[in-house]
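Architecture at a glance
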Amino acid sequence: MDVFIDAYLRAQREGDSEAEAFYKECFDKGYRDPIGTGEVKKQTGILWTSYGMKKYADISACFGNQFVDDMEWHALTLIRLYEATGEAVYLREAQKLYAQIWKAWDLPAARDVGGNGGFIWCYGKENTAQGLAKNACSNAPGCLAAIRLHEVKRRTPAARYRADSHPDYADFDYLKNAETVYEWIARELFNRETGQVYGSFSQKKGKMTAYSLTYDQGTFLGAAHLLYRYTGKKLYRNDALKAALYTITHPGITKGGILRDEGAGGDNSFFKGIFIRYAVELVNDRRIKRKARIQLYDFIRHQAETLWTEGLGRDEAGNPKGLFSPDWKLTQEQAARKGGDYQKPKLGWQVSGATLLEAMNMMKDPR
């Protein structure tokens, strides 16, 4: 849905009322109408899935789920939908959902992992190491959701914010929560010397040889950047830059100047677009050092130019055709030769590719 929000906002800027109406209808049918009054009455739109699992949905009936990172991503989308449309239903649901997410913070059963603090990854598996894991994928987006809710509060006129908010959460201190979560993840899963965000404690301890994922790098830098914006603390700014520059220079993540293919199956193919979204925010922030912004701008532009010229096929007239692949240097037809999951196009490939191209409509050259 996030890339639909990007397209909706672009349609508004360009005065394309037909496209704007199309994307607004997608929001209504996908989120607003199924949410209704906040109770799951019909499994349609986004609620056709297992979201709204009663066991984990005592606060957010629509989006409560055993997977904490999934709840966090819905919260982030709801926040953007509120900003884009101004419809109070999205803010209220985001606030309820964040309260549901906060119940997964610092569970006593998980304190053997990273001590006090941290969001677990998954409910329902508390008797397993996997279930009690406190990974970057559930902590960086959790921090990001809190600081984004704070941002909404800061940007919205006070009277309107109170009117649009759920009455239980209108006075909630989201900035305090964001700083609490950030302190934990920066201490436990971030290397300040290199800028690497460890996906898990196993990776931190060297028990995993996989490289860090763009998802983790991107959500961490996004949270750090917003905390810098709303506190002015340079530590946050420095952390955001370290994480961004690590991503674009580490040979295990960026190869030949292009973000690596992180896999064709599962959620991994969504990840590069997530990094791009938050890296663009850094590029456009004039308070960030110009040299670093130029480096990031050139890198992102190179991703887009490569995807456009090499990652899409061409028809006889030279117009782009076909679908994106998870390898931005290959067309979908070329990627299919790898076999396995590459043979059938996936949604994640298209979302990441489209997010990158939409980002080019928002990114400003710092020069």
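Parameters and conventions
- Residues numbered from 1 in each chain as written.
- Predicted model: local features only at pLDDT ≥ 70, side-chain atom pairs only at ≥ 80, totals over all residues.
- Heavy atoms only, no water.
- Helix = DSSP H or I, 4+ residues; strand = E, 2+ residues; numbered from the N terminus.
- Rg over C-alpha atoms; globule rule 2.2 N^0.38 Å.
- Buried < 20%, exposed > 50% of the residue type's maximum accessible area, 1.4 Å probe, protein only.
- Contact = heavy atoms within 4.5 Å.
- Salt bridge = Lys/Arg side-chain N within 4 Å of Asp/Glu carboxyl O.
- Axes fitted to C-alpha atoms, helices over the stretch in contact; angles between N-to-C directions.
- Parallel < 35°, antiparallel > 145°, perpendicular 65-115°, else oblique.
- Left-handed = near helix turned anticlockwise from the far one by under 90°.
- Nonpolar A, V, L, I, M, F, W, Y, C, P; charged D, E, K, R; others polar.
- Expected span 1.5 Å × (residues − 1).
- pLDDT = per-residue confidence, 0-100.
- Phe/Tyr/Trp six-rings, centres within 6.5 Å; stacked < 30°, edge-to-face > 60°.
- Lys NZ or Arg CZ within 6 Å of the ring centre and 35° of its normal.
- Patch = residues over 30% accessible without salt bridge, like charges linked within 9 Å, V, L, I, M, F, W, Y side chains within 5 Å.
- Areas by Shrake-Rupley, 256 points an atom, 1.4 Å probe, with all protein chains shown as cover.
- Polar contact = N/O pair within 3.5 Å; in protein donor to acceptor, adjacent residues only side chain to side chain.
- Disulfide = S-S within 2.5 Å.

**Examining the overall build of the chain**
A tally of helices and strands in the chain yields 14 helices and four strands. Relative to the compact-globule value of 21 Å for 367 residues, the chain shows a C-alpha radius of gyration of 20 Å, a close match. Based on the C-alpha atoms only, the size of the chain along its principal axes is roughly 60 × 50 × 45 Å. Relative to its 367 residues, the chain shows a buried fraction of 57%. For the chain, long-range pairs separated by at least 24 residues make up 62% of all intrachain contacts whose partners lie at least 6 apart in sequence.

**Remarks on the pattern of salt bridges**
Note on pairing: side chains with opposite charge can pair once their charged atoms come close. Going through the model one piece at a time under the given rule, you end up with 31 salt bridges. Across the pair R192 and D239 runs a salt bridge whose closest N-O atoms are separated by 2.8 Å. Of the two residues, R192 is situated in the loop between α7 (174-189) and α8 (201-204) and D239 in helix α10 (residues 234-249); the sequence distance between them amounts to 47 residues. Here R192 falls in the partly exposed class, since its relative accessible area comes to 38%. With a shortest N-O distance of 3.2 Å, D261 and K338 are connected by a salt bridge. Here D261, found in the loop between β2 (258-259) and α11 (271-283), pairs with K338, found in the loop between α13 (332-336) and α14 (347-359); they are 77 residues apart in sequence, far enough to count as distant. One connected set of salt bridges, linked through shared partners, spans E83, R148, E151, R155, R229 and E281.

**Focus on the packing of helix α4 (residues 88-102) against helix α5 (residues 136-155)**
Direction vectors running N to C along α4 and α5 enclose 140°, while the axes themselves pass 11 Å from each other. By the criterion of interaxial angle, the relationship of α4 to α5 is oblique. Crossing angle aside, the handedness with which α4 passes α5 is left-handed. For the pair α4 and α5, the contacting residues are L91, A94, Q95 and Y98 in the first and G142, A145, A146, L149 and V152 in the second. Looking at the contact of α4 with α5, its residues break down into seven nonpolar, two polar and no charged.

**Let's talk about α4**
Look at α4: 21 Å from first C-alpha to last across 15 residues, which is about the 21 Å you get at 1.5 Å a residue. With 13 of 15 residues buried, α4 is to be regarded as a mostly interior element.

**Points about the confidence of the model for the chain**
Mean pLDDT over the chain: 91, with 93% of residues reaching 70 or higher. Of all helices and strands in the chain, the one with the weakest mean pLDDT is α8 (68), whereas helix α6 (residues 158-164) scores best (98).

**A few points about the packing of aromatic side chains**
Here the structure, examined in full by the defined rule, presents 19 aromatic pairs. Consider the rings of W73 and Y215, whose centres lie 5.8 Å apart with planes at 50°: the pair is tilted. Separated by 142 residues along the polypeptide, W73 in helix α3 (residues 68-85) and Y215 in helix α9 (residues 214-231) bring together distant segments of the chain. Taking the relative accessible area as the measure of exposure, Y215 reaches 6% and is therefore buried. On the basis of an interplanar angle of 80° and a centroid distance of 5.8 Å, the ring pair of W102 and F119 is categorised as edge-to-face. Of the two residues, W102 is situated in helix α4 and F119 in the loop between α4 and α5; the sequence distance between them amounts to 17 residues. Owing to a relative accessible area of 26%, W102 belongs among the partly exposed residues under this scheme. The buried category is assigned to F119, whose relative accessible area is 0%. Against the face of W308 rests R314, its NZ or CZ located 5.6 Å from the ring centre.

**As for a nonpolar patch on the surface**
On the surface, M1, F4 and F22 cluster together into a nonpolar patch covering about 260 Å² of accessible area. Inspection of the secondary structure puts F22 in helix α2 (residues 17-35).

**Some details on the side chain of E358**
In this structure, E358 sits in helix α14. According to the relative accessible area criterion, E358 is buried, its value standing at 10%. Within polar-contact distance, the side chain of E358 engages the side chain of R10 at 2.6 Å. The residues contacting E358, other than those within four sequence positions of it, are V3, D6, A7 and R10.

**With respect to the environment of E281**
In this structure, E281 sits in helix α11. Ignoring sequence-local partners within four residues, the contact set of E281 consists of H225 and R229.

**Notes on the state of the cysteines**
Per the stated rule, a full pass over the model turns up zero disulfides. Of all cysteine sulfurs, the one in C62 lies closest to C26, which takes part in no disulfide; the gap is 19 Å. No disulfide involves C122; its sulfur sits 10 Å from that of C137, the nearest cysteine.

**Thoughts on unusual backbone geometry**
Peptide bonds are, in most cases, trans, and in most cases residues other than glycine have a negative phi. Not every positive phi belongs to a glycine, and D106 is a case in point at roughly 55°. Here D106 lies in the loop between α4 and α5. The class of D106 is buried, set by a relative accessible area of 18%.

**Thoughts on α5**
In a regular helix each residue adds 1.5 Å, so 20 residues correspond to 28 Å; α5 covers 28 Å between its end C-alpha atoms and thus fits that length. Burial of α5 is extensive: 17 of the 20 residues sit out of reach of the surface.

**Here we look at the side chain of E72**
As for its placement among the helices and strands, E72 is situated in helix α3. For E72, the residues in contact, after removing those within four places along its chain, are I101, F119, C137, S138, N139, P141 and G142.

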